[in-house]
Amino acid sequence: MKLIGMISIFWLFIVLVYGTSDFSAWGDPESPCNLHVSNYYIEHAMSDTSVPNIVTAILADYRGFDTMFETAVIFSAGIACFFLLRRPKYDAPEAVVFRHIQTGITLRIEKGGRLPKESDEFERIDTQWVPYDLVIQVTSRILVPFIQLFALYVVAHGHHSPGGGFQGGVIFGAAIILFAVSNTLRKTTHRVSEKRSAVLCAIGVLIYAGTGVCCLLAGGNFLDYSALSGLLGVDPVTARSHGIMMVEMGVGLAVTMVMIWIYYNLSSAGKQHEGL
Amino acid sequence: MDIVIGFLLVCGLLFFTGGSIGILRFPDFYSRLHPAGKLDTMGLLLSLLAMAVYVMMDFSIASFLTGLKILLIVVIVFVTSPTATHAIVDAGVRAGLKPWTKEGGGGV
C-alpha cells in the first residue's frame, strides 16, 4: 500500500514538473497575465461589481472558481485531521476524575465503573491538568463576544477594507478556541459539538457551491453572480456585489468550523474528552 | 495641542525604554515579565492616546471614528496584556520554576 502511494506521488510530481514548463517566465512583462488581465481588473472592478476593494472582487468574483476549491481544500484539511487523529468512541479513557463540589473530594473512576451524572454535586475534571484560573476566565468571558463581533465585521466589511470570509472566519474560530483554552474542552464541545462543527463546515462549502448552482439555474454561468439579479431584485452590478457577500459568508462559516474542528482533534489527541 | 501630543509621545517612549531595559537587565523570568507586562502596556496606552488626539485634531466624523478605533485598541490592550502576563507567570509557577532570590540564586 505504501509502495503504491509512493509511486503515485512520484508520477504526480513528474506531471507537475512537466506542467511548469508551460509557465511563462517569472516577471515576464510579455506574459498574458501582465498584459491584459491585471489592467482589466484595475480598470473595471468598480464598474463591474461595485466593490471598492479590488482584492475581494478578484478573489470572490473573477476568480470565484479558484476560491471555491480553496474552501474545499480547507474543508478537506479538517476531514484529514479528523481521519488521522480521531479515536473511536469505544476507545474509552483509562480513568475519569470527578470532583464532589460540596466537599471538594475528587473521585477517580476506573474504566468500566459507573459514572455519576454531571450535576450541582459532581463536576468532571481533567486527570492531568485542572485549568481553573479566574482571571483568565473572566477576561476571556469579556473579550470573546467582542472578538466574535469583530470577526463578523471583518466578514461583512470585506467589500470596503481588507478582510473577507477567510480572515473573519479565522478570527471567529480563534474566539472559540480562546474560550476553549480559558475554560475546558468539554465546556466548548457542549456548546459547539464536533458533529455540529463538521456539519456546519460542510454547509459553508455548500453555500459557496450552491450560490454557483443558483447562478446556473438562473440562466448564467457557474458563479456568474450577475445572473442572480432577477432573483435578488437588483441590477446585475449590485447582484455581483451581493453574490460576493453570499460566498464570503459561506467561506467564513467553513473556515470557522474547520478551525475549531482541527483544534478539538489536535488539543486532545483525538479523544475529545479532555484537552488543553 | 501639539505640546500635548508631544508630551504623551515622549512619556510613552520613556515607559517603553524603561520596559526594554527592564526586560534586558532583570535577573530572572518573573521579574522580567514585570516590566514586560506593566511598562509596555503603559507606553502603548500613552502613545496610542497621542495618536488618537492627533487624528481627532480636525473635527470631522471620519477622523473621530478613526480615533475611536484607536481608543478601542487601547482598551483591548489594557485588558489583554496584563492577563497574558498573568497566564505566563501562572504557567511558570505550575511548571515549577523557582523565583530568583538574592541569597539563593535560582531563576534563569
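Described below are features of the structure shown in this document. Please read these numbers as outputs of a predicted model, since none were measured by experiment.

**Observations concerning the sheet that holds strand S2 (residues 106–110) of chain A**
Residue and element names in this part refer to chain A.
And then number 1: One open sheet holds the three strands; their spatial order is S2-S1-S3, and the pairing between them is antiparallel. The open sheet has two edge strands with one neighbour each: S2 and strand S3 (122–125). For this sheet, the mean inter-axis angle between neighbouring strands, taken without regard to orientation, is 35 degrees.

**Description of a nonpolar patch on the surface**
Residues and elements named next belong to chain A.
And then number 1: A cluster of nonpolar side chains, contributed by Leu3, Ile7, Phe10, Trp11, Phe13, Ile14 and Val17, occupies part of the molecular surface with about 740 Å² of accessible area.
And then number 2: Inspection of the secondary structure puts Val17 in helix H1 (residues 2–20).
And then number 3: Overall, Val17 belongs to the partly exposed group, its relative accessible area being 45%.

**Focus on the nonpolar core**
All names here are of chain A.
And then number 1: Residues Tyr208, Leu223, Tyr225, Ile244, Val247 and Val251 are the most contacted members of the largest nonpolar core, which totals 15 residues.
And then number 2: If you list the elements that add at least two residues to this core, you get helix H3 (54–62), helix H8 (194–217) and helix H10 (236–267).
And then number 3: The element that contributes the greatest number of residues to this core is H10, accounting for four residues.
And then number 4: Residue contacts for Val251: discarding those within four places in its chain leaves Thr71, Gly165, Phe166 and Tyr208.
And then number 5: With twelve residues, the next largest nonpolar core counts Val192, Ala198, Met257 and Tyr264 among its residues.

**Section: the side chain of Glu248 of chain A**
Residues and elements named next belong to chain A.
And then number 1: Here Glu248 lies in helix H10.
And then number 2: The side chain of Glu248 sits in the buried core without any salt bridge; Arg240 is the nearest counter-charge, 13 Å away.
And then number 3: Setting aside residues no more than four positions away along its own chain, Glu248 makes contact with Thr56, Val155, Gly164 and Gly165.

**Overview of the packing of aromatic side chains**
All names here are of chain B.
And then number 1: Under the definition given, this model contains eight aromatic pairs over all chains.
And then number 2: Ring geometry for Phe29 versus Tyr30: centroids 5.3 Å apart, planes at 70 degrees, classification edge-to-face.
And then number 3: Note on Phe29: relative accessible area 27%, which makes it partly exposed.
And then number 4: Its relative accessible area of 16% is what places Tyr30 among the buried residues.

**Description of the pattern of salt bridges**
And then number 1: All chains considered together, the criterion is met by three salt bridges over all chains.
And then number 2: Residue Asp61 of chain A is joined to Arg240 of chain A by a salt bridge in which the shortest nitrogen-to-oxygen separation is 2.8 Å. You can see Asp61 of chain A sitting in helix H3 and its partner Arg240 of chain A sitting in helix H10, a full 179 residues away along the chain. We note that Asp61 of chain A, like Arg240 of chain A, is buried.
And then number 3: Between Asp90 of chain B and Arg94 of chain B there is a salt bridge whose closest N-O contact spans 3.2 Å. Linking Asp90 of chain B with Arg94 of chain B, this pair stays in helix H3 (residues 61–94), spanning four residues, or about one helical turn.
And then number 4: For Arg94 of chain B, a relative accessible area of 40% corresponds to the partly exposed category.

Reading guide: rules and limits
Residues numbered from 1 in each chain as written. Chains lettered and ligands numbered in written order. Predicted model: local features only at pLDDT ≥ 70, side-chain atom pairs only at ≥ 80, totals over all residues. Heavy atoms only, no water. Pairing = 2+ DSSP bridges. Helix = DSSP H or I, 4+ residues; strand = E, 2+ residues; numbered from the N terminus. Axes fitted to C-alpha atoms, helices over the stretch in contact; angles between N-to-C directions. Patch = residues over 30% accessible without salt bridge, like charges linked within 9 Å, V, L, I, M, F, W, Y side chains within 5 Å. Areas by Shrake-Rupley, 256 points an atom, 1.4 Å probe, with all protein chains shown as cover. Salt bridge = Lys/Arg side-chain N within 4 Å of Asp/Glu carboxyl O. Buried < 20%, exposed > 50% of the residue type's maximum accessible area, 1.4 Å probe, protein only. Core = buried A, V, L, I, M, F, W, Y, C linked by side-chain atoms within 4.5 Å. Contact = heavy atoms within 4.5 Å. Lys, Arg positive; Asp, Glu negative; His and termini not counted. Phe/Tyr/Trp six-rings, centres within 6.5 Å; stacked < 30°, edge-to-face > 60°.

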